[in-house]
Amino acid sequence: MSTLIVNGGRELFGEVSVHGSKNSVLPILAATILNAGTSVIHNCPKLRDVYAAIEILRCIGCEVSFEENTLTIDSKNVNNCEIPDELMREMRSSVIFMGAVLGRLGRVSLFAPGGCELGARPIDLHISALKTLGAHFREEGGAIRCEARRMRGRDIVLSFPSVGATENAMLAATACEGRTRIINAAREPEIEDLQNFLKAQGAEVYGAGSSTVTIEGKRPLSSVEYTVIPDRICAATYLCAAALCGGRVRVSGIIPEHISTVTTILDGMGCDIRIDEKSIDIARRGRLSAIRNVRTMPYPGFPTDAQPPLMALATRCAGTSTFVENIFDGRFRHVGGLIRLGADIKIEGKIALVYGVERLYGSNIDATDLRGGAAMVIAAMAAEGESRIGEIHHIDRGYEKIEESMSALGADIKRR
Ligand code: EPZ
């Protein structure tokens, strides 16, 4: 397995352009199943999860080609409703194919999804949303079999604004007769991107970004060409790396408003931040101050995915920072690796207390999950001495060649 070798202590200078959003392109790839035509997707990142999604698309009958950062999917011959366990295990987003395959073929058979182990990651909200539209579920030898002879639009009320459940409901509702309203829908930018893709196909969807998304189903869908939004969490990761290592960095090709909760915190910690239309410049003036209360919340609150990289930054701040993880019940798995690098962190349930230290020291650590792994990389880049980071396949799920982007900014980081 590959390892990242990092020699820390170097400041970062220059510009990094952010690739397309993993959490946007994955539901959009599922949505390409809905039209029996061709979908051309631009700004598609080269990530493990994207390759996994391509395998699922091919498994159900799509023809897929990937040139540079453009994916072309021909969904004319979608004919297989069975997604095998080994493809489902690859990532959490595999569950998003449930609504799309059900919408296209009227039935789907799949297994529990894989993905980052961030505590329990049930799919009860996904299933109850599809049941509301008329789908019937049964378990058979570990497989989830779902049929819907005739799905009709209904009001779906989500008890929690789940991103994935909102996306699954939008995908299935596009194929339902009548109106579907998703109440208490997730408001993340990736939901708006999915709505815009569906509308580009010819679907009638509106309200994404608010708590109620409405779909007028069964509109004729056609071939489409679309460009995916930039990855806001990668942008946040690079900003935290620059604040932690010092120097001056421009993060470009982004939508700054998507990470305004992150830039507000970085500003409050003492970073120099300049926000332009599609880029953010960041520099650090001396030692940063601790962050009082970082509470992860559904969008537009502080994003849970930015909690690990911000915590890596907090390890070197003056004072005690407090993180409250309200979204996942197991999203502090990166703390062990940060402590091995010299951080002083105490966990009390869903609260992490980060006592700032003067220095971090290189060590051998293993990535535990996607964003936790990225947090370990940026902490190692600020540590004195050499670090070896294993299990980096987690990081490759969401960051396109992270070592190349960081090296281009001046970090000493290599993949072995
Ligand atoms: C999406 O995951 C993202 N993944 C996650 O990013 C992100 O952290 C999360 O949304 C929250 O923003 C993708 O988009 C591929 P949820 P998802 O459903 O859809 C509970 C990354 O690093 N829940 O909003 O799985 C769940 O357990 C990844 O890029 C249920 O209880 O998130 C969690 O506590 C990590 N039942 C909370 O809701 C359900 O049926 C939020 O989950 C579904 C979710």
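In this text, all values refer to a predicted model and were calculated from it rather than measured experimentally.

Draft legend 1. Spotlight on the environment of glutamate 86. Turning to its location among the elements, glutamate 86 is positioned in helix α3 (residues 85–88). On a C-alpha basis, the gap between glutamate 86 and glutamate 225 in space is 30 Å, while along the polypeptide they are 139 residues apart.

Draft legend 2. Main features of the site of the ligand. Near the ligand there are 24 residues, and of these Asp124, Leu125, Ser162, Asp305 and Ile327 occur at the shortest range. At 3.0 Å, a side-chain N or O of asparagine 23 approaches an oxygen atom of the ligand. Separating an oxygen atom of the ligand from a side-chain N or O atom of serine 162 is a distance of 2.7 Å. Notes on the ligand: free accessible area 820 Å², of which the protein chains cover 89%. Mapped by element, the contributors of at least two residues to the shell around the ligand are α1 (22–31), α5 (124–132), α6 (163–173) and α12 (370–382). No other element matches α5, which puts 3 residues into the shell around the ligand. Here the shell around the ligand is built from residues that sort into 10 nonpolar, 6 polar and 8 charged.

Draft legend 3. Structural context of the sheet that holds strand β21 (residues 364–366). Judged by pairing direction, the sheet is mixed, and its 4 strands sit side by side in the order β21-β22-β1-β23 without closing on themselves. The outermost strands of the open sheet, each flanked by one partner alone, are β21 and β23 (412–415). Across the sheet, the axes of successive neighbouring strands diverge by a mean angle of 20 degrees, strand direction being ignored. Here strand β1 (residues 4–7) pairs with strand β22 (residues 386–390) via 4 bridges, running antiparallel. Within the sheet, the bridge partner assigned to valine 6 lies in β22 and is serine 387. Here α12 sits on the sheet and contacts β1, β21, β22 and β23; the angle it forms with β22, its principal contact strand, is near 170 degrees.

Draft legend 4. Layout of the pairing of strand β10 (residues 179–183). The two faces of β10 differ: Thr180 and Ile182 on one face are buried, but Arg179, Arg181 and Ile183 on the other face are not. Handedness of the crossover joining strand β9 (residues 155–157) and β10 through α6: right-handed. Where β10 lies against strand β12 (residues 212–216), 5 bridges are found, and the strand directions are antiparallel. Of the residues in β12, the one forming a bridge with threonine 180 is isoleucine 215.

Draft legend 5. Representation of unusual backbone geometry. Here tyrosine 299 and proline 300 are connected by a cis peptide whose omega angle stands at 15 degrees. Here proline 300 lies in the loop between β17 (293–295) and α10 (307–314). For lysine 401, which is not glycine, the phi dihedral falls at a positive 45 degrees. Structurally, the position occupied by lysine 401 is in the loop between α13 (393–396) and α14 (402–408).

Draft legend 6. A look at the sheet that holds strand β20 (residues 351–355). The strand order across the open sheet formed by 4 strands is β17-β18-β20-β19, and the pairing between neighbours is mixed. Across the chains shown, the open sheet's two edge strands, defined by having one partner strand only, are β17 and β19 (344–348). Looking at each pair of strands side by side, their axes are set apart by 20 degrees on average, direction ignored. Here 5 bridges tie β19 to β20, and the two strands are oriented antiparallel to one another. Across the sheet, residue isoleucine 345 finds its bridge partner in β20, namely valine 354. Against the sheet, α10 engages β17, β18 (320–324), β19 and β20, with an angle of about 170 degrees to β18.

Draft legend 7. View of the packing of aromatic side chains. The tally for this structure, following the rule as stated, stands at 2 aromatic pairs. On the basis of an interplanar angle of 85 degrees and a centroid distance of 5.6 Å, the ring pair of phenylalanine 197 and tyrosine 226 is categorised as edge-to-face. Residue phenylalanine 197 is found in helix α7 (residues 189–201), and its partner tyrosine 226 is found in strand β13 (residues 224–227); the two are separated by 29 residues along the sequence.

Draft legend 8. Molecular detail of the domain arrangement of the chain. On domain assignment, one finds that the chain holds domain 1 (4–18 + 230–415) and domain 2 (22–223). Centre-to-centre separation of domain 1 and domain 2, based on C-alpha positions: 31 Å. Every contact between the two is made by 23 residues of domain 1 and, on the other side, 26 residues of domain 2. Both faces considered, domain 1 and domain 2 share a buried interface measuring about 2000 Å² in area, 53% of it formed by carbon and sulfur atoms. Counting the surface domain 1 buries against domain 2, the share from its top three residues, Tyr299, Arg397 and Glu400, is 34%. Where domain 1 touches domain 2, the interface holds 2 salt bridges. A salt bridge links glutamate 190 to arginine 232; the shortest N-O distance between them is 2.8 Å.

The rules behind the values
Residue indices begin from 1 for each chain and proceed along its sequence in written order. pLDDT decides what is reported in this predicted model: residues at 70 or higher carry local features, side-chain atom pairs at 80 or more are listed and counted, and totals for whole chains, interfaces and linings draw on all residues regardless. For the side-chain quantities, the full set of heavy atoms in the structure was used; hydrogens and water were omitted. Going along the chain from the N terminus, every DSSP run of H or I of four or more residues is numbered as a helix, and every run of E of two or more is numbered as a strand. Residues are counted as near a molecule or strand when any one of their heavy atoms sits within 4 Å of it. Pairs of N or O atoms within 3.5 Å make up the polar contacts considered here, provided that, within protein, one atom can donate a hydrogen while the other can accept it, and that residues adjacent in sequence are counted only when both atoms are side-chain atoms. Residue exposure ignores everything except the shown protein chains as possible cover, and the areas themselves are Shrake-Rupley values with a 1.4 Å probe. Charged residues are taken to be Asp, Glu, Lys and Arg, nonpolar residues to be Ala, Val, Leu, Ile, Met, Phe, Trp, Tyr, Cys and Pro, and polar residues to be all remaining types, Gly included. DSSP calls a pair of strands paired once it identifies at least 2 bridges connecting them. Interaxial angle, 0 to 180 degrees, is taken between N-to-C directions of lines fitted to C-alpha atoms, where a helix line uses only the stretch in contact. Residues count as neighbours in contact if any of their non-hydrogen atoms are within 4.5 Å of one another. Burial classification: accessible surface area is computed with a 1.4 Å probe over protein chains only, and a residue below 20% of its type maximum counts as buried, one above 50% as exposed, and the rest as partly exposed. Handedness of a crossover: with both strands directed away from the viewer, a clockwise path from the first strand across the helix to the second marks it as right-handed. Each Phe, Tyr or Trp ring, with Trp reduced to its six-membered ring, pairs with another whose centre is within 6.5 Å; inter-plane angles below 30 degrees give stacked pairs, above 60 give edge-to-face pairs, and intermediate values give tilted ones. Where each domain begins and ends follows an automated or database-derived domain assignment. Here's the idea: put two parts together, see how much 1.4 Å probe accessible area each one loses, and the total over both is what we call buried area. A side-chain nitrogen of Lys or Arg and a carboxyl oxygen of Asp or Glu constitute a salt bridge if their distance falls within 4 Å.

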